[in-house]
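So you can see what is in the structure, the chains are spelled out below.
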Amino acid sequence: MIDGDSLPVLDAPRLRLRGLAEDDVDGLFAVFSDEAMMRYWSSPPMKERGEAEALLQKIRRGFADRTSFQWGVERKADRRLLGTCTLFHIHAGNRRAELGYALASAHWKQGYMGEALAALLDHAFGPMGLRRLEADIDPRNANSMRMAARLGFRQEGLLRERWDVAGEIQDSAFLGLLAREWQEKRA
């Protein structure tokens, strides 16, 4: 799927998707402590910088054992970390993975995540050879649901009361996108 000792750099018009490094800890903390961004996440916002350090270590372990690949989404103009895109729960034999993404709320509604995900989908369904991607989205997150639909994801189910995040019970819309659907959309 991905060979070598680092993630490939993926370019989008205004963004670069790249591996995360030690100097990204503050950026990760800014994204994952953002209460608006974390509103529909499956865990509460980070409270301490050490949680971002632990996340970076988890990201590195996932890459080392090839179970997850998490890219930092960097704006080319100023090299600022805006968010992340992740392929995880990778099943090489079935050629499928789950897709996750996070974007600091200060950068919402500017088209950044759509750009980043298009580059990632091109890579996932191209060089990585995946056949299917899945996304788990809180159905109350209308912006994320619309973006996934624009990319071609289809809702395939609703998992009721799937998450308990700090005492708040949340449903999950389960969405899927096939490689052939993405390739038809891009053609």
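Since we're looking at a predicted model, the values are computed, not measured. (Residues numbered from 1 in each chain as written. Predicted model: local features only at pLDDT ≥ 70, side-chain atom pairs only at ≥ 80, totals over all residues. Heavy atoms only, no water.)

Draft legend 1. Region of interest: the pairing of strand β4 (residues 80-91). Both strand β3 (residues 68-75) and β4 contribute to a ladder of eight bridges, which runs antiparallel. Paired with Glu74 across the strands is Leu81, a residue of β4. From the end of β3 to the start of β4, which pair antiparallel, there are four residues, and Arg79 there has a positive phi angle of about 60°. One ladder, built from seven bridges, connects β4 with strand β5 (residues 96-103); its direction is antiparallel. Paired with His91 across the strands is Arg96, a residue of β5. Hairpin geometry of β4 and β5 is characterised by an intervening segment of four residues between the two adjacent antiparallel strands and by a positive phi of about 55° at Arg95. (Pairing = 2+ DSSP bridges. Helix = DSSP H or I, 4+ residues; strand = E, 2+ residues; numbered from the N terminus.)

Draft legend 2. Region of the structure containing the sheet that holds β4. With mixed pairing, the eight strands of this open sheet are ordered in space as β1-β2-β3-β4-β5-β6-β8-β7. The two strands at the open ends of the sheet, each matched to only one other strand, are β1 (10-11) and β7 (154-165). Here β1 runs beside strand β2 (residues 15-18); their pairing, made up of two bridges, is antiparallel. Paired with Asp11 across the two strands is Arg16, which belongs to β2. Seen against the sheet, helix α4 (residues 112-125) touches β1, β2, β3, β4, β5, β6 (132-137) and β8 (168-178) and runs at an angle of roughly 35° to β4. Along the sheet, helix α5 (residues 142-151) makes contact with β5, β6, β7 and β8, crossing β8 at roughly 10°. (Contact = heavy atoms within 4.5 Å. Axes fitted to C-alpha atoms, helices over the stretch in contact; angles between N-to-C directions.)

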